[in-house]
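# Secondary and tertiary structure notes
Residues per chain, in single letters:
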Amino acid sequence: MSYQPDPIEHAFLGSSVYASLRQALITGQLKPNDRLRIRELAAQVGTSVTPVRDAVLQLAREQALEMRTPKDIRVPILTSAQYGEICTLRLELEALGAHRAAQLINPADLQRLTVNIKSTLHAMTTDDLAAILRLNSEFHLLVARSAQMPLLSSFIDRLWMRAGPHIAQAFTNAAQQSVVKSVVKHHQDLLAALRRQDSEAAAAAIRLDIMAVHQLLIGYLASR
């Protein structure tokens, strides 16, 4: 397992460990079939095993991790059918979020999305795939939060935890520059639609973005 968590402050240990693992899943630091060893993770973050075990159990309940046995906890390997279901849900839920966000997004979040795109363009110049993956997930989740529907946002977040490790692997195995250029173009179109409060265009842009990565990931799953 290549994921190396940072040490965690001792306040709110359970939620901090959960947040760290969640981020590792969404950004692909944890890869499909990676095995998580609770004692090793606890030593790396400088905690007892209890908050790590609690975080892992919560992620297993959310199906972001797979508990094959009490000592064999892994990042799930998705089948094409399982990923197809996740993609279908993302198309509907993220489009709903973008549609609503176009009417409710505030100037501060518009600025955050603008900075996100600029940062992605910079990461492209240095081939920083880790940054590109992180920024891509942050863009989508910020749009979801801008819809001001907390339950919708939490659903989308869980879908990203399940898909993130596979999206990262698909990007790693692809011609990255062409794929990232397509993603950035869709993000720019979505940002423009949000600025002019065009709900239909915002929903269409995020669907196109999801489908661009979907085609890439279907190819990865088939080759695997």
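Heads up: these notes are all about the structure in this document. (Residues numbered from 1 in each chain as written. Predicted model: local features only at pLDDT ≥ 70, side-chain atom pairs only at ≥ 80, totals over all residues. Heavy atoms only, no water.)

## What to know about the overall build of the protein chain
What counts, and what does not: Here a helix means four or more residues in a row that DSSP labels H or I, a strand means two or more in a row labelled E, and each is numbered from the N terminus. Throughout, the radius of gyration refers to the C-alpha atoms, and the reference size of a globule is 2.2 Å times the residue count to the power 0.38. Categorising residues by exposure relies on relative accessible area from a 1.4 Å probe, with only protein chains included: less than 20% of the type maximum marks a residue as buried, more than 50% marks it as exposed, and the intermediate range marks it as partly exposed. Contacts were defined at the residue level, with two residues in contact if any of their heavy atoms lie within 4.5 Å. Every accessible area reported is derived by Shrake-Rupley at a probe size of 1.4 Å, with residue values counting cover from the shown protein chains alone.
Tallying secondary structure elements over the protein chain gives 9 helices and 3 strands in all. From first element to last, N terminus to C terminus, the protein chain shows the α and β order α-β-α-α-β-β-α-α-α-α-α-α. Taken over C-alpha atoms, the radius of gyration comes to 17 Å for the protein chain, in line with the 17 Å a tight globule of 224 residues would show. Across the 224 residues in the protein chain, those meeting the buried criterion constitute 50%. For the protein chain, long-range pairs separated by at least 24 residues make up 76% of all intrachain contacts whose partners lie at least 6 apart in sequence. Accessible area for the protein chain stands at about 10700 Å²; split by element, carbon and sulfur atoms hold 55% of it.

## Considering the environment of Glu66
Tracing the chain through its elements places Glu66 in strand S2 (residues 66-69). Residue class for Glu66 comes out partly exposed when judged on its relative accessible area of 32%. Along the backbone, Glu66 and Arg145 are 79 residues apart, and their C-alpha atoms lie at a distance of 27 Å. The residues touching Glu66, leaving out its near neighbours within four places in the chain, are Asp72, Ile73, Arg74 and Pro76.

## With respect to the environment of Ala222
Looking at the secondary structure, you find Ala222 in helix H9 (residues 199-223). For Ala222 and Thr79, which are 143 residues apart along the polypeptide, the C-alpha to C-alpha distance reads 9.4 Å.

## Observations concerning unusual backbone geometry
The backbone of Asp127 shows a phi angle near 55°, a positive value even though the residue is not glycine. Mapped onto the elements of the fold, Asp127 is located in the loop between helix H5 (107-125) and helix H6 (129-146). For Asp127, a relative accessible area of 52% puts it in the exposed group. Positive phi, close to 60°, is recorded for Gln197, a residue that is not glycine. Summarising the element assignment, Gln197 is placed in the loop between helix H8 (176-195) and H9.

## A word on the pattern of salt bridges
To be explicit about the condition: For this analysis, a salt bridge means a side-chain nitrogen from Lys or Arg found within 4 Å of a carboxyl oxygen belonging to Asp or Glu.
Evaluation of the coordinates by the stated rule reveals 10 salt bridges. In this structure, Asp72 engages Arg35 in a salt bridge whose closest nitrogen and oxygen atoms are separated by 3.7 Å. Placement of Asp72 in strand S3 (residues 72-74) and of Arg35 in strand S1 (residues 35-36) is noted, with a sequence separation of 37 residues between them. Arg35 gets classed as partly exposed once you look at its relative accessible area, which sits at 28%. Residues Glu94 and Arg90 are paired through a salt bridge, measuring 2.7 Å at the closest nitrogen-oxygen approach. One end of the pair is Glu94 and the other is Arg90, both in helix H4 (residues 80-104) and 4 residues apart, which spans about a single turn. We note that Glu94, like Arg90, is buried.

## Some words on the pairing of S2
We count it as follows: Strands qualify as paired when DSSP identifies two bridges or more between them.
As paired strands, S2 and S3 are joined by 3 bridges and run antiparallel to one another. If you follow Thr69 over to S3, its bridge partner there is Asp72. Linking S2 back to S3 in an antiparallel pair, the connection comprises 2 residues.

Honestly, that's just the spatial picture; any functional story needs more than this.
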